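One letter stands for each residue in the lines below.
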Amino acid sequence: MNILAPPRARLQIEIVFDLVCPWCFLGTRRLRRTLRARPDIAADLSWRPFLLNPDIAPGGVPRGDYIIRKFGGEDRARRLHATIAELGRGEGVNFQFDRIRRIPPSLDAHRLVRLAERHGMAAEAVDALFQAYFCEGEDIGEIGVLVAVAAGLGMDPLATRRLLASPAEAEAVHADNLRAHRLGINGVPCFVVQGRHAIAGAQEPEVIERLLDVAVVEG
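Residue numbers here run from 1 along each chain, matching the order of that chain's written sequence. Confidence filtering applies because this is a predicted model: local features only for residues at pLDDT of at least 70, side-chain atom pairs given and counted only at 80 or more, and all residues used for totals across whole chains, interfaces and linings. Hydrogen atoms and water are omitted, and side-chain values are computed over all heavy atoms in the structure.

(A) Expanded view of the overall build of the protein chain. Broken down by element type, the protein chain carries nine helices and six strands. Taken against the 2.2 N^0.38 rule, which gives 17 Å for 219 residues, the C-alpha radius of gyration of the protein chain at 18 Å falls within 12% of a compact globule. Counting only C-alpha atoms and orienting by the principal axes, one finds that the protein chain spans roughly 55 × 40 × 35 Å. Put simply, the protein chain has 219 residues, and 47% of those count as buried. Each accessible area value is a Shrake-Rupley result obtained with a 1.4 Å probe; residue values ignore everything except the protein chains displayed when judging cover. Counting every atom, the protein chain has about 11200 Å² of accessible surface; 52% of that belongs to carbon and sulfur. Distance between charge centroids for the protein chain: 1 Å, based on 28 positive and 28 negative side chains. Only DSSP runs of H or I with at least four residues qualify as helices, and only runs of E with at least two residues qualify as strands; both kinds are numbered from the N terminus onward. In this description the radius of gyration comes from C-alpha coordinates, and the expected globular size is given by 2.2 Å times residues to the power 0.38. The classification of residues rests on relative accessible area computed with a 1.4 Å probe and restricted to protein chains. Under 20% of the type maximum is buried, over 50% is exposed, and intermediate values are partly exposed. Counted charges follow a simple rule, with Lys and Arg positive, Asp and Glu negative, and His plus the chain ends left uncounted. Charge positions are represented by NZ for Lys, CZ for Arg, CG for Asp and CD for Glu.

(B) Summary view of helix 3 (residues 74–89). Helix length check: helix 3, at 16 residues, gives a terminal C-alpha distance of 22 Å against a target of 22 Å (1.5 Å per residue), a fit within 8%. Buried within helix 3 are the following residues: A77, H81, I84, A85 and G88. For helix 3, the angular spread of the buried residues around the axis is 105 degrees, confining them to a single face. Those residues of helix 3 that are exposed and aimed more than 90 degrees away from the buried face are D75, R76, R79 and E86. Should any heavy atoms of two residues lie within 4.5 Å, those residues are considered in contact. Residues of helix 3 that are buried sit in contact with helix 1 (22–36) and helix 2 (63–71). Expected helix span is taken as 1.5 Å per residue step, with the number of steps being one fewer than the number of residues. What the arc describes is the spread of directions from the helix axis to the C-beta atoms.

Rendered as C-alpha cells:
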C-alpha cells in the first residue's frame, strides 16, 4: 500500500436494473468499466431490482407475441436489437437476441441475485444471468437454469433450489421494485450515487464519470 497516495473517495452506488433489460446489461458493463478506470474511487455497489414486466405470466410469453405487443412488429425490434448488439460489441457483450424464445418473468432471477449477495457474489451473479439470457438464450425464469447459473458461481445448488422453490425473498424484491417507482424511477438502468445523484440509461462512460465527480466533490 502506498501510504503517500491520497485516500480513495468511497461512494455508495445503487444499481436499479432488470435482468431482462438489454440496456441494463450494457449500462452495468459501462459503469464497471468506468469504475475500473478510477482507482481513486472505492465504490460500494448495491443491486436493486426493477420489474419491467410485473404482470407477465409465470411461465413467460413467447418472444414473438411480446415483440408484437411491445414494438409493433419484428422489423422495428430487429433494428433496435441490431443497434444494441453493435453497442454491446464495444463492451465485450455478444448479444444473441434470436436465441431468445420466451420472455420470462424476472422475479426468481432477482431472488437468486439476493442469495448471491449473501456470498459476496451479487455482481458475478448479475453478469452470469445477463450472459445466460442475452448471449445463450437460456430461460432465466426456469429454476433449473437459475440453479445451474448458481452452481457455475460455486454456490450450493441444493440450497439454491430450496430457496427458489419457496417464496423466500419475493416480498423483498417487490418492495425494492415499489421503492424504485416511489422514487420516480420509471426506466432502467438507473444509477443512484450517494442516495441523491441519479442518472438513467446506458450512458457512455464519460457521462457516468461526470456524475461520479460531482458526487465526490459534494461528498
